[in-house]
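Each chain, written out:
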Amino acid sequence: MRLSSLHLDRFRNIRRADLAFGEAPLHIFVGENGQGKTNLLSAIYWLATLTPLQTHKGRELVMWGEQEARVRGEVLSGELRRSLAVSYEVGQGGQGAARGAAREGKRVPPSQYFGALTVVAFTPRDLDLVRGGPDDRRRFLDRAVFNERPAHLHAVQSFGAALEGRNRLLRDGAPDALVAAYEGTLAELGARLMGARARYAQALAPLFSSTLRDICGVSGAVAYRPALETPDLLAAPEGEVQEALARRWAESRAADRLRGFTQRGPQLDDLSLRLSDHSAKSYASQGQQRAIALALKIAQIELLSARAGERPVLLLDDVSSELDARRAGLLFSFLDRFGGQVFLTTTHERHIPRHEEATLWRLEGGAVLGS
Ligand SMILES: Nc1ncnc2c1ncn2[C@@H]1O[C@H](COP(=O)(O)OP(=O)(O)O)[C@@H](O)[C@H]1O
Ligand SMILES: [Mg+2]
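Structural notes, computed from the coordinates.

### Some thoughts on the overall build of the chain
- On a plain count of helices and strands, the chain comes out with twelve helices and 15 strands.
- In summary, the chain has a C-alpha radius of gyration of 22 Å against a globular reference of 21 Å for 371 residues, a match within 12%.
- A principal-axis box enclosing the C-alpha atoms of the chain has dimensions of 65 × 55 × 40 Å.
- Once local pairs closer than 6 in sequence are excluded, the contacts in the chain between residues at least 24 apart make up 69%.

This is the structure:
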């Protein structure tokens, strides 16, 4: 799939931009720091995922002093042409902000929005996959599953809502029967969530190991690390996993009541990353940690491309500055082979191999100066 056009309206520091992307796969956003390169990538990311790329709130998508931000784009996928549009309106006095998403000009709920444009972003924060806490890795895992099965988002959100429900009951001192009923729902949603995570991690594992061997010549492994023990998630029937989860939560109910929240469950799941059979977080060098983060992303893209039968759109923010020459070389050789559409940012095109074949877009003070 490829994005064929992109229109921004009062999006962060970009008042207005209308870009048409031809068939050449590589697009480079070039400019000094602070000009709007990352913002342009975030617009694409927002259009694809309905979530901001950086960790800012929805209202920060809107240009300062303005009330609304809009991004539109057209996506080509085989013979199909789809149009996507997102908007964010700041409410009066900061209250009642309104988000909107539309496909083919019709407003749709998120569940019907996803699937037209799939992106994978590389950012300097990817290093948190190795150095950060379980939540960074869990988010990566869930987003990767979601890219292949948009319904996974709903599973994650429903589980979160049910978890919040049980926690509220525990804090309110609700009777056991009521809490037990919630545990049943939680177990059903949890088993589905964990099953999807386990199956994804299992498919990712061999691709990760081979990519890592290519990139830094060492052996490494990734595996799903659920916070709760269950029967084999890949082999046991889902009903058995459900029963095991419900039992666990029933057993810990008294202790959870004392703490006022659910202390264990898939809300704490992790991915384990190993390098030469040691924990990557404590054992790998800086360079190796970068290679591991890169290998995870590349493995994700390989899997996604193979399963969807088409390539996602890649967004790379400032990555060449994050990698040493050798690993940057490996990344670009991957991009060369990749063949799909790639958007990347840099302060100077000379940092990017084969930039002569790319389309350059210069950014200055939020204005896109054309290709
Ligand atoms: N909501 C906003 N409205 C206007 N300007 C913004 C907003 N959010 C960020 N900016 C500005 O955008 C610029 C950063 O753009 P960015 O895309 O991160 O630059 P870079 O080219 O370095 O990637 C900064 O100058 C910042 O002040
Ligand atoms: Mg930037």
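What follows continues from the structure just given.
### Thoughts on the site of ligand 1
- In the neighbourhood of ligand 1, 16 residues make up the surrounding shell, with Asn13, Lys37, Thr38, Asn39 and Trp64 lying closest.
- Per-element tally for the shell around ligand 1: the top contributor is helix 1 (residues 37-49), with three residues.
- Considered class by class, the residues forming the shell around ligand 1 number four nonpolar, nine polar and three charged.

### Comments concerning the sheet that holds strand 15 (residues 367-368)
- Spatial strand order, 8-12-13-3-14-15: six strands in an open sheet with mixed pairing. Two strands close off the open sheet at either side, each with one partner strand: strand 8 (119-122) and strand 15.
- Inspection of the sheet shows strand 3 (residues 26-30) paired to strand 14 (residues 359-364) by four bridges, in the parallel sense. From the neighbouring strand, Val30 faces strand 14, where its bridge partner is Arg362.

### Describing the sheet that holds strand 2 (residues 14-20)
- Strand order in this open sheet of six strands is 2-1-4-5-6-7, and the pairing throughout is antiparallel. In this open sheet, the two edge strands, each paired with only one partner strand, are strand 2 and strand 7 (106-107).
- Two elements, strand 4 (residues 68-77) and strand 5 (residues 80-89), share ten bridges in a ladder whose sense is antiparallel. If you follow Glu74 over to strand 5, its bridge partner there is Ser83.
- Docked against the sheet, helix 1 engages strand 1 (2-11), strand 2, strand 4 and strand 5, running at close to 110° with respect to strand 1.

### Things to note about the packing of helix 6 (residues 176-216) against helix 7 (residues 238-251)
- At a closest axis distance of 8 Å, the pairing of helix 6 and helix 7 adopts a crossing angle of 130°. Viewed along their axes, helix 6 and helix 7 adopt a mutual orientation that is oblique. Crossing angle aside, the handedness with which helix 6 passes helix 7 is right-handed. Residue-level inspection shows Ala180, Glu183, Gly184, Leu186, Ala187, Glu188, Gly190, Ala191, Arg192, Met194 and Gly195 of helix 6 in contact with helix 7, the latter providing Glu238, Val241, Gln242, Leu245, Ala246, Trp249 and Ala250.

About the criteria used
- Residues numbered from 1 in each chain as written.
- Chains lettered and ligands numbered in written order.
- Predicted model: local features only at pLDDT ≥ 70, side-chain atom pairs only at ≥ 80, totals over all residues.
- Helix = DSSP H or I, 4+ residues; strand = E, 2+ residues; numbered from the N terminus.
- Rg over C-alpha atoms; globule rule 2.2 N^0.38 Å.
- Contact = placed C-beta atoms within 7 Å.
- Near = placed C-beta within 6 Å.
- Nonpolar A, V, L, I, M, F, W, Y, C, P; charged D, E, K, R; others polar.
- Pairing = 2+ DSSP bridges.
- Axes fitted to C-alpha atoms, helices over the stretch in contact; angles between N-to-C directions.
- Parallel < 35°, antiparallel > 145°, perpendicular 65-115°, else oblique.
- Left-handed = near helix turned anticlockwise from the far one by under 90°.

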